[in-house]
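What the coordinates show
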Amino acid sequence: MLSVVIPSYNEEENILNTAEVIAGVLVGAKIDYELIFVDDGSKDSTWDKIEKAHEINFKSRGVRLSRNFGKEGAIFAGLEASTGDCCCVIDCDLQHPPQVIPKMYELWQNGAEVVEGKKSSRGHENKLYRSLSQMFYGLIQSASKIDMANTSDFKLLDKRVVDAILSLPERITFFRALSGWVGFKSETVYYEVQERAYGSRKWTVKMLLGYAIRNLSSFTGAPLYISTILGIAVILTSLVLMILSLCGVSLGSFNMGIIVLMLIGGGILECLGIGCYYISRIYEEIKHRPRYIVSKTIDTDKNTIHNGNGEQCD
Ligand code: UDP
Ligand code: MG
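The present account deals with the structure reproduced in this document. This structure is a prediction, so every number in the text was calculated from the model and none was measured. (Residues numbered from 1 in each chain as written. Chains lettered and ligands numbered in written order. Predicted model: local features only at pLDDT ≥ 70, side-chain atom pairs only at ≥ 80, totals over all residues. Heavy atoms only, no water.)

So, the packing of helix α9 (residues 226–246) against helix α10 (residues 256–286)
Look at α9 against α10: their axes get within 7 Å of each other, and the N-to-C directions meet at 155°. Compared by their axis directions, α9 and α10 come out roughly antiparallel. As α9 runs across α10, the sense of the crossing is left-handed. Residues belonging to the contact of α9 with α10 are distributed by class as follows: 15 nonpolar, nine polar and one charged. (Axes fitted to C-alpha atoms, helices over the stretch in contact; angles between N-to-C directions. Helix = DSSP H or I, 4+ residues; strand = E, 2+ residues; numbered from the N terminus. Parallel < 35°, antiparallel > 145°, perpendicular 65-115°, else oblique. Left-handed = near helix turned anticlockwise from the far one by under 90°. Nonpolar A, V, L, I, M, F, W, Y, C, P; charged D, E, K, R; others polar.)

Here it is in structure tokens:
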């Protein structure tokens, strides 16, 4: 059975239509399913519409969050509530085309444990937003070594991958990257971003900025190394200036006093850098991420293969 998790914030215009469209696609493809709409603290009648969707189709369920926790919180609430053998996360506004789900499901049936939805075209986006988002994913990609180009939250995960993600103890999550971080056998499906079915975008500039800073810092401690790098640069520059000055080269306004001050400044930056290095170690430790996640084991004595959670598989 496939669980479809649909984070929804102020989506009153979309719920009933989205429930009908996704159910139609899945019934057409003969896939057993449940729809889980997660109302992320909406201020409009989203929850009433989710109740109505359940009256129309009992396979459509709902989870209502006490306030707006953001899309990440809504996705995790939906994953926790899911009971399927695999789980697909999809936006409520049909910008992720549900027609792609049967293809994802087929790849899962053929052994893929993570099916990543990647944007083949990003739809109508303004240029500034596109460049900033490319810069953000470039930074995350270089920090995490996970291919983040054109990724989205539209993906299908095997139950074991869902359990692995839910078992991560950190509070600040970045679902899009974590599904790659946990590993497992992965396939990619490309899709074209569609126009929003109804309503308007729910993210404000403040929400997007917060999202970028939170997620960057949850995948890289690189900014903590800035003072180390600056310190090395200042020390090297002052040493070169000192040698030049000792060799009698005229350095204009750079006298020995300034050069010594630069050396001291560089030394202070280095000491700060050492402190930051330990902070970055503490930061990695307090995330309490598991050191590894087991996908399968081979039991030599019984000659059987086990899934990571201990159950025997074919
Ligand atoms: N969403 C959410 N909580 C929020 C903001 C957005 O659950 O705080 C949901 C929203 O209802 C939609 C999905 O996240 O299903 C994507 O939001 P949106 O369409 O506004 O973003 P975009 O498609 O522009 O990235
Ligand atoms: Mg959208």
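Observations regarding the site of ligand 1
Around ligand 1, the structure places 17 residues, and the nearest of them are Glu11, Asp40, Asp93, Arg201 and Lys202. Here Arg196 contributes a side-chain N or O atom positioned 3.0 Å from an oxygen atom of ligand 1. One of the side-chain N or O atoms of Arg201 is found 2.3 Å from an oxygen atom in ligand 1. Protein coverage of the free-state accessible area of ligand 1, which is 530 Å², stands at 92%. Looking at the shell around ligand 1, its residues break down into five nonpolar, four polar and eight charged. (Near = heavy atom within 4 Å. Polar contact = N/O pair within 3.5 Å; in protein donor to acceptor, adjacent residues only side chain to side chain. Areas by Shrake-Rupley, 256 points an atom, 1.4 Å probe, with all protein chains shown as cover.)

Some points on the packing of aromatic side chains
One pair of aromatic rings is described through two measures. These are the centre distance and the angle between the planes. Throughout the structure, instances matching the rule amount to five aromatic pairs. With a centroid separation of 6.4 Å and an interplanar angle of 85°, the aromatic rings of Phe76 and Phe175 are classed as edge-to-face. Pair noted here: Phe76 is in helix α3 (residues 71–81) and Phe175 is in helix α7 (residues 175–181), with a separation of 99 residues, a long-range link. Residue Phe76 shares its accessibility class with Phe175, and that shared class is buried. Here the aromatic rings of Tyr225 and Tyr277 are separated by 6.4 Å at their centres, their planes lie at 55°, and the arrangement is tilted. Here Tyr225 is found in the loop between α8 (205–219) and α9, whereas its partner Tyr277 is found in helix α10, with 52 residues between them in sequence. What makes Tyr277 partly exposed here is its relative accessible area of 36%. Taken together through their ring pairs, the aromatic side chains of Tyr225, Tyr277 and Tyr278 make up a single cluster. Sitting above the plane of the Tyr33 ring, Lys59 keeps its charged end 4.9 Å from the centroid. (Phe/Tyr/Trp six-rings, centres within 6.5 Å; stacked < 30°, edge-to-face > 60°. Buried < 20%, exposed > 50% of the residue type's maximum accessible area, 1.4 Å probe, protein only. Lys NZ or Arg CZ within 6 Å of the ring centre and 35° of its normal.)

What about unusual backbone geometry?
Residue Lys30 is not a glycine yet carries a positive backbone phi of 55°. When you line up the elements, Lys30 lands in the loop between α1 (15–28) and β2 (33–39). What makes Lys30 exposed here is its relative accessible area of 75%. Positive phi values are uncommon outside glycine, yet Phe184 reaches one of about 75°.

So, the nonpolar core
Among the nonpolar cores identified, the biggest contains 32 residues, and Leu2 and Leu156 are the most heavily contacted of them. The contacts of Leu156, once residues within four sequence positions are left out, are Leu2, Cys86, Cys87, Cys88, Met104, Tyr105, Trp108, Glu113, Val114 and Val115. Core analysis: the second largest hydrophobic core is formed by 26 residues, Tyr137, Leu168, Ala177 and Leu178 among them. (Core = buried A, V, L, I, M, F, W, Y, C linked by side-chain atoms within 4.5 Å. Contact = heavy atoms within 4.5 Å.)

A look at the side chain of Asp40
Of note, Asp40 is situated in the loop between β2 and α2 (46–56). Here Asp40 is buried and forms no salt bridge, its nearest opposite-charge partner Arg67 lying at an N-O distance of 7.0 Å. A polar side-chain atom of Asp40 sits 3.0 Å from the main-chain amide nitrogen of Gly70. Setting aside residues up to four positions removed in sequence, Asp40 forms contacts with Ser8, Tyr9, Leu65, Arg67, Asn68, Phe69, Gly70, Lys71 and Ala74. (Lys, Arg positive; Asp, Glu negative; His and termini not counted. Salt bridge = Lys/Arg side-chain N within 4 Å of Asp/Glu carboxyl O.)

Looking at the environment of Val25
Note that Val25 resides in helix α1. Residue Val25 is classed as buried on the basis of its relative accessible area, which comes to 17%. With 73 residues separating them in the primary sequence, Val25 and Pro98 have C-alpha atoms 6.9 Å apart. Ignoring any residue separated from it by four or fewer positions in sequence, one finds Val25 in contact with Pro98, Gln99 and Pro102.

Some words on the sheet that holds strand β4 (residues 86–89)
Spatially, seven strands are ordered β3-β2-β1-β4-β6-β5-β7 in an open sheet, and the strand pairing comes out mixed. The open sheet has two free edges, formed respectively by β3 (60–64) and β7 (186–192), since each of these has just one partner strand. Strand after strand, the sheet turns through a mean of 25° between neighbouring axes, direction not considered. Pairing analysis gives four bridges linking β4 to strand β6 (residues 151–158), with the strands arranged antiparallel. If you follow Cys86 over to β6, its bridge partner there is Asp158. The strands touched by α2 within the sheet are β1 (2–8), β2 and β3, with β3 carrying the most contacts at an inclination of about 155°. This element, helix α4 (residues 101–109), spans β1, β4, β5 (114–121), β6 and β7 of the sheet and lies at about 45° to β6. (Pairing = 2+ DSSP bridges.)

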